[in-house]
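Okay, here's what each chain looks like letter by letter:
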Amino acid sequence: MGLLHQRHILVAISGGIAAYKGAELVRLLKKQGAVVRVILSRGAKEFITPLTLQALSGEPTHSELLDETAEAGMGHIELARWADLVVIAPGTADVIARLAQGRADDLLTTVALATPAPVAVAPAMNQQMWANEATQDNLRQLVGRGIQIIGPDAGEQACGDVGPGRLLEPDAIASALAENFESRLLEGKHVVITAGPTVEAIDPVRYLSNHSSGKMGYALARACADAGARVTLITGPVTLTPPNRVDRVPVTSAIEMHDAAMRCASNADIFIGAAAVADYRPESSAPEKLKKTAGENRVISLVQNPDIVAAVAALAQRPALVIGFAAETTELIAHAREKRHRKGLDYIVANDVSDPETTFGSDQNAVHLISEHEAHYLPLATKQVIAERIISLVAHHLGSTSPTSG
Ligand code: C5P
């Protein structure tokens, strides 16, 4: 899974001969797992058809600022909010000038103004237009506002000129876009994460477990890997595909998870306990399948499992940051604060599991990130976005110490 996997990328194609390369960019982004929507400027439609882009992106394309059907479905503000990243490719001299002015008189420029997401422009124009002081002034303004300029390439142009102004090749644009999702915040750090449920055997065919999907822990693993960390993901049985660049340690029971955590945590910089560890396990697991005895109830004696995150926090060689989760249905903050203190954690991530939007299995979450002196509310967003916010909020506590492990 690459950096672009499941990212919402809005590709805005403006009117230029390079518009066909915008179509190729859409195809490449889709191939890398991104979810792509396309804006076609009026000019772009002279070069390439909405139908082509609809087929390549698998989504309806967008062109008009005030289109009744679009506004009822995904209007310009929804589109702007939907995007994790907006890329204008090709970006003509005219579009660059209009972005510099902050215009909002068509869908492309309006979305570029209205989006909270990063915006990138891949310029494409005649070399003389590129070199013109007006264009260069406009570009300086865009760069000053944090807009990423990708390219252009130099070489032979459609008009016969030779020089800078060619649209960069789509694979190079896709790579430059992917860098937006790589923060390097955890470069050289080792992060150990527990995720998913644990499964406690009653006999060879029966067990006690819970509904944890593992999605939050896996999202954290991906966020840490994207931030440059070495990641060890100790995972109970889940059906998720592990992120790339993550060492996966599969376990079944809480005891196995505990042993793996103890082995890995002493040389970690961060430990995150995102697993839903079963609090109890059967005192003994029957070696053979238990037989039903007619008319008799069966009592299974349960013993407590070790508290993994608390055990890690109590290690002499403790990771610099130990983070746990608290799923609560009442008195969310008070219970979470008490749990953080009792388990010796630096941070606790509290979520209200009485809310159906944020319960086990959901793709979304809304949480409070609480430490002794801080409390941040992270509003409803995908678990991936929540994971990235958590990492960016906690990473500064690590300082710039050298890595503790290789
Ligand atoms: O005590 P409670 O289960 O609510 O605490 C939740 C936090 O503690 C989570 O971070 C979970 O991963 C961790 N935990 C653990 N080992 C246990 C129970 C919970 O690491 N046996």
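Residues numbered from 1 in each chain as written. Predicted model: local features only at pLDDT ≥ 70, side-chain atom pairs only at ≥ 80, totals over all residues. Heavy atoms only, no water.

Helices and strands together make up the secondary structure of the protein chain, namely 15 helices and 19 strands. A principal-axis box enclosing the C-alpha atoms of the protein chain has dimensions of 85 × 50 × 40 Å. Across the 406 residues of the protein chain, 49% fall into the buried class. Residue pairs at least 24 apart in sequence account for 67% of intrachain contacts in the protein chain once pairs closer than 6 positions are excluded. As presented, the protein chain carries roughly 19,100 Å² of accessible surface, and 52% of it is formed by carbon and sulfur atoms. With 36 positive and 45 negative side-chain charges, the protein chain shows a separation of 5 Å between the mean positions of the two kinds. (Helix = DSSP H or I, 4+ residues; strand = E, 2+ residues; numbered from the N terminus. Buried < 20%, exposed > 50% of the residue type's maximum accessible area, 1.4 Å probe, protein only. Contact = heavy atoms within 4.5 Å. Areas by Shrake-Rupley, 256 points an atom, 1.4 Å probe, with all protein chains shown as cover. Lys, Arg positive; Asp, Glu negative; His and termini not counted. Charge placed at Lys NZ, Arg CZ, Asp CG, Glu CD.)

Another point: the site of the ligand. Taken together, Gly273, Ala275, Val277, Pro306, Asp307, Ile308, Val309, Gly324, Phe325, Lys339 and Lys343 make up the full set of residues adjacent to the ligand. Between the ligand and glycine 273 there is a distance of 2.5 Å, counted from an oxygen atom to a backbone nitrogen or oxygen. Isoleucine 308 is positioned such that a nitrogen or oxygen atom in its backbone is 2.9 Å from a nitrogen atom of the ligand. In the complex, 85% of the free accessible area of the ligand, which totals 450 Å², lies under the protein chains. Going through the elements one at a time, helix H13 (308-313), strand E16 (321-328) and helix H14 (332-343) are the ones with two or more residues in the shell around the ligand. (Near = heavy atom within 4 Å. Polar contact = N/O pair within 3.5 Å; in protein donor to acceptor, adjacent residues only side chain to side chain.)

Moving on, we get to the sheet that holds strand E3 (residues 85-91). The strand order across the open sheet built from five strands is E2-E1-E3-E4-E5, with neighbouring strands paired in parallel fashion. In this open sheet, the two strands that pair with only one neighbour each are strand E2 (35-40) and strand E5 (148-149). When strand E1 (residues 8-13) meets E2, the two strands line up parallel, connected through six bridges. Bridging from a neighbouring strand, leucine 10 pairs with arginine 37 of E2. Of the strands in this sheet, E1, E2 and E3 are in contact with helix H1 (residues 19-31), which crosses E1 at around 170 degrees. (Pairing = 2+ DSSP bridges. Axes fitted to C-alpha atoms, helices over the stretch in contact; angles between N-to-C directions.)

Enumeration according to the criterion identifies zero aromatic pairs in this entry. Between arginine 37 and the ring centre of tryptophan 82, over which it is positioned, the NZ or CZ distance is 5.6 Å. (Phe/Tyr/Trp six-rings, centres within 6.5 Å; stacked < 30°, edge-to-face > 60°. Lys NZ or Arg CZ within 6 Å of the ring centre and 35° of its normal.)

So, on to the domain arrangement of the protein chain. Domain boundaries assigned for the protein chain yield domain 1 (8-181) and domain 2 (190-395). Placing a centre on the C-alpha atoms of domain 1 and another on those of domain 2 gives a separation of 41 Å. (Domains from an automatic or database assignment.)

In this section: the nonpolar core. Membership of the largest hydrophobic core comes to 35 residues, with the highest contact counts inside it found for Leu186, Ile193, Leu220, Cys224, Ile272 and Ile390. If you tally residues by element for this core, the top one is helix H11 (residues 215-226), at eight residues. One finds Ile9, Val11, Val87 and Ala176 within the second-largest nonpolar core, a separate group that totals 33 residues. (Core = buried A, V, L, I, M, F, W, Y, C linked by side-chain atoms within 4.5 Å.)

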